[in-house]
Amino acid sequence: MTTLHSAPRYTRIEGLAETLSTAIGASLIEAHDEHGDLILRVERDAIADVLRLLRDEHDYQQLMEIAGADYPDREERFEVVYMLLSVTRNSRVMVKVRAAEDTPVPTVTHIWPNAGWLEREVFDMYGVLFAGNTDLRRILTDYGFEGHPFRKDFPLTGYVELRYSEEEKRVVYEPVELAQDLRQFDFLSPWEGAEYVLPGDEKAAAAPATPPVDEPKVTPTPAATGAGAKADAKAAEPVSEGGPTTEEKGNDEPQAPEPTESRPDRAPREGTAKDTSAATEPKGGDA
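Criteria and thresholds
Residues numbered from 1 in each chain as written. Predicted model: local features only at pLDDT ≥ 70, side-chain atom pairs only at ≥ 80, totals over all residues. Heavy atoms only, no water. Helix = DSSP H or I, 4+ residues; strand = E, 2+ residues; numbered from the N terminus. Buried < 20%, exposed > 50% of the residue type's maximum accessible area, 1.4 Å probe, protein only. Contact = heavy atoms within 4.5 Å. Areas by Shrake-Rupley, 256 points an atom, 1.4 Å probe, with all protein chains shown as cover. Salt bridge = Lys/Arg side-chain N within 4 Å of Asp/Glu carboxyl O. Pairing = 2+ DSSP bridges. Axes fitted to C-alpha atoms, helices over the stretch in contact; angles between N-to-C directions. Phe/Tyr/Trp six-rings, centres within 6.5 Å; stacked < 30°, edge-to-face > 60°. Lys NZ or Arg CZ within 6 Å of the ring centre and 35° of its normal. Patch = residues over 30% accessible without salt bridge, like charges linked within 9 Å, V, L, I, M, F, W, Y side chains within 5 Å. Polar contact = N/O pair within 3.5 Å; in protein donor to acceptor, adjacent residues only side chain to side chain.

Participant: Explanation requested: the overall build of the protein in the structure shown.
Facilitator: Of regular secondary structure, the protein possesses six helices and nine strands. In the protein, which comprises 287 residues, the share counted as buried stands at 24%. Contacts spanning at least 24 positions in sequence make up 47% of the contacts within the protein whose residues lie at least 6 apart. By element, 53% of the accessible surface of the protein is carried by carbon and sulfur atoms, the whole surface being about 22400 Å².

Participant: Explanation requested: the pattern of salt bridges in the structure shown.
Facilitator: In a structure, side chains of opposite charge can pair up when their charged atoms sit close to one another. Applying the stated criterion across every chain yields a total of 16 salt bridges. For Glu101, the salt bridge identified is with Arg77, shortest N-O distance 3.2 Å. One end of the pair, Glu101, is in the loop between strand 5 (91-99) and strand 6 (105-106); the other, Arg77, is in the loop between strand 3 (62-70) and strand 4 (78-86), with 24 residues separating them in the sequence. In this structure, Arg98 engages Glu79 in a salt bridge whose closest nitrogen and oxygen atoms are separated by 3.6 Å. A residue pair is termed long-range when its members are at least 10 positions apart, and Arg98 in strand 5 and Glu79 in strand 4 qualify at 19 residues. The exposure class assigned to Glu79 is buried, which follows from its relative accessible area of 6%.

Participant: Can you walk me through the sheet that holds strand 2 (residues 37-42) in this structure?
Facilitator: By definition, the strands of a sheet pair up through backbone hydrogen bonds, in either a parallel or an antiparallel sense. A sheet is described by the order of its strands in space; here five strands give the open sequence 1-2-5-4-3, paired in mixed fashion. Strands with a single pairing partner mark the edges of an open sheet, and in this sheet they are strand 1 (28-34) and strand 3. Neighbour-to-neighbour, the strand axes of this sheet turn through a mean angle of 20°, independent of strand direction. Sheet topology places strand 4 next to strand 5; nine bridges connect them, and they run antiparallel.

Participant: It is not clear to me how the packing of aromatic side chains should be interpreted in this structure. Could you clarify?
Facilitator: Aromatic ring pairs are described here by two measures, namely the spacing of the ring centres and the angle between the planes. The full count for this structure, using the stated rule, is four aromatic pairs. When the centroid spacing of 6.0 Å and the interplanar angle of 25° are considered together, the rings of Phe145 and Phe154 count as stacked. Exposure remark for Phe145: the relative accessible area of 27% places this residue in the partly exposed category. Given a relative accessible area of 13%, Phe154 falls into the buried group. Taken together, Phe78, Tyr126 and Phe150 form an aromatic cluster joined through their ring pairs. Of note, Arg74 hangs over the ring of Tyr71, and the distance from its end group to the ring centre comes to 3.9 Å. The ring centre of Tyr71 lies 6.0 Å from the NZ or CZ of Lys152, which sits over that ring.

Participant: Before we go on, may I ask you to explain a nonpolar patch on the surface in this structure?
Facilitator: Residues Tyr159, Val160, Leu162, Tyr164, Val171 and Tyr173 make up a contiguous nonpolar surface patch of about 570 Å² in total accessible area. Among the elements of the structure, strand 8 (160-165) and strand 9 (170-175) are those that each provide at least two residues to the nonpolar patch. The greatest single-element share of the nonpolar patch, amounting to three residues, is contributed by strand 8. Examined against the element boundaries, Tyr173 turns out to sit in strand 9.

Participant: Help me understand the environment of Gly25, please; the structure alone is not making it clear to me.
Facilitator: Tracing the chain through its elements places Gly25 in the loop between helix 1 (16-24) and strand 1. Since its relative accessible area comes to 34%, Gly25 is described here as partly exposed. Note: C-alpha distance between Gly25 and Val50 (25 residues apart in sequence) is 9.6 Å.

Participant: Looking at this model, I keep getting lost on the pairing of strand 2. Mind explaining?
Facilitator: For strand 2, a buried count of five out of six residues is recorded, marking the element as mostly surrounded by other parts of the structure. From the end of strand 1 to the start of strand 2, which pair antiparallel, there are two residues, and His35 there has a positive phi angle of about 55°. When strand 2 meets strand 5, the two strands line up parallel, connected through four bridges. Considered in strand 5, the bridge of Arg41 is made with Lys96.

Participant: Any chance you could explain the side chain of Asp70 here in plain terms?
Facilitator: Along the chain, Asp70 turns up in strand 3. Setting aside residues no more than four positions away along its own chain, Asp70 makes contact with Arg77, Phe78, Tyr126, Phe150, Arg151 and Lys152.

Participant: What exactly am I supposed to notice about the environment of Thr109 here?
Facilitator: You can see Thr109 is positioned in the loop between strand 6 and helix 3 (115-126). Taking C-alpha positions, Thr109 is 8.3 Å from Gly132, a pair spaced 23 residues apart along the chain. If sequence neighbours within four positions are ignored, Thr109 has contacts with Ala115, Gly116, Glu119 and Asn133. In terms of polar contacts, Thr109 uses its side chain to reach the side chain of Thr107, at 3.2 Å.

In structure tokens form, the structure reads like this:
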């Protein structure tokens, strides 16, 4: 495998999975590697003790992220993923717990204060509750938002839409109104191997078949392509006489004008205009 960088993204510690599994003990449900990351799935009620153990005794000092995932087919549909970083050992691990809509996850804000905003984000997007978080409010959506957008059963259009009302001079919420109904297609993609006839395919079946070619046309010699000495001589012939490119141009082209700065000043113009009030008076004495 080609090495793209001289330094690894993070350190692969030999025997790390066995060491952490032994330290976590009965609270560990599963430990495995996935895409180069060590993933630990633990009991939900023991998450705070496990994370404190990893921080204090195994040097995973930083909580980088708390993410969520939704699997509606599971009995406990939500997964909460804690991503830890050891700065001193250049190592990362992910710790996962599962939860349902009515089973809160213990908060870890007393271990890492930054978990407050991260838990609020998971609550806002998925609706996962965190027991012990004293400020569990929405953080990304609006105050009156309904539902949790990252759930798989959340409609793509949402439940309400907002607009600015000129009559009320404020932003108002209204039920979603689509310009046209969402169209549902049940056709498979062509690369998925659809076995039914798509609209228009019947025309291809009725069209006459293309007759086969006995011998494909090839050009093995220059004569077959039209190239050769005769074609080269024709290409070397000059253009027709009298053409614009064959006329030799002399020095009849107009020269650039003299700079205006070097021209002499014009003599004052002699005019007959009179700058007097009488010059504007009508003739004949009629006012």
